[in-house]
Amino acid sequence: MSFIELAKARYSVRKFSDKAIEPEKIEKILEAGRIAPTAKNMHPEKIYVLQSKEAMEKINTLTRCVYGAPALLLVCYDEDAAWHSNLREGYISGEMDVSIVTTHMMLQAWELGIGSCWVGLFNDKEVAEAFKLPANIKPAIL
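Residues numbered from 1 in each chain as written. Predicted model: local features only at pLDDT ≥ 70, side-chain atom pairs only at ≥ 80, totals over all residues. Heavy atoms only, no water.

(A) Structural detail: the overall build of the protein chain. Broken down by element type, the protein chain carries five helices and three strands. Across its three principal directions, the C-alpha atoms of the protein chain cover 45 × 40 × 25 Å. Among the 142 residues that make up the protein chain, the fraction classed as buried is 40%. Across the protein chain, contacts joining residues at least 24 apart in sequence account for 72% of those joining residues at least 6 apart. Carbon together with sulfur atoms contributes 54% to the accessible area of the protein chain, which is approximately 8,600 Å² in total. Computing the positive centroid from 17 side-chain charges and the negative centroid from 19, the protein chain places the two 4 Å apart. (Helix = DSSP H or I, 4+ residues; strand = E, 2+ residues; numbered from the N terminus. Buried < 20%, exposed > 50% of the residue type's maximum accessible area, 1.4 Å probe, protein only. Contact = heavy atoms within 4.5 Å. Areas by Shrake-Rupley, 256 points an atom, 1.4 Å probe, with all protein chains shown as cover. Lys, Arg positive; Asp, Glu negative; His and termini not counted. Charge placed at Lys NZ, Arg CZ, Asp CG, Glu CD.)

(B) Structural view of the packing of helix α2 (residues 23–34) against helix α4 (residues 94–111). Where α2 contacts α4, the axes come no closer than 7 Å and their chain directions differ by 145 degrees. The two elements α2 and α4 cross, and the hand of that crossing is right-handed. Note on element contacts: α4 touches α2 through V101, H104, M105, Q108 and A109, opposite K28, I29, L30, A32 and G33. Residues that form the contact of α2 with α4 fall into these classes: six nonpolar, three polar and one charged. (Axes fitted to C-alpha atoms, helices over the stretch in contact; angles between N-to-C directions. Left-handed = near helix turned anticlockwise from the far one by under 90°. Nonpolar A, V, L, I, M, F, W, Y, C, P; charged D, E, K, R; others polar.)

Here it is as structure tokens:
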């Protein structure tokens, strides 16, 4: 499949099978994120693979947008490791970086026959607290 065919075919899935995702496919998806470009190649992303029953129950209490998925990637960025612009006051590249990384992972997932849905409907502070994330790790995308 060409890239343009892949881009046209991909859509946000809002009803998932309960079939587990094979570990080798998760690894390929994570690799697509690892090789994605980020500001100054600093790679501030921190990606948590949620797939245990406990983790999935917890995330389901924090957003209604899990749609029955058997696994979820909690995509965060390390505020300390992200690029801080000296030209744009207060600008930190973390949100932009994880957006690029997440897009790469979603396209890789689709190529592997795995649907996805970009979710931003959650309270980042509640997610950080529930998963005991350090203060510098900012949840951005589910």
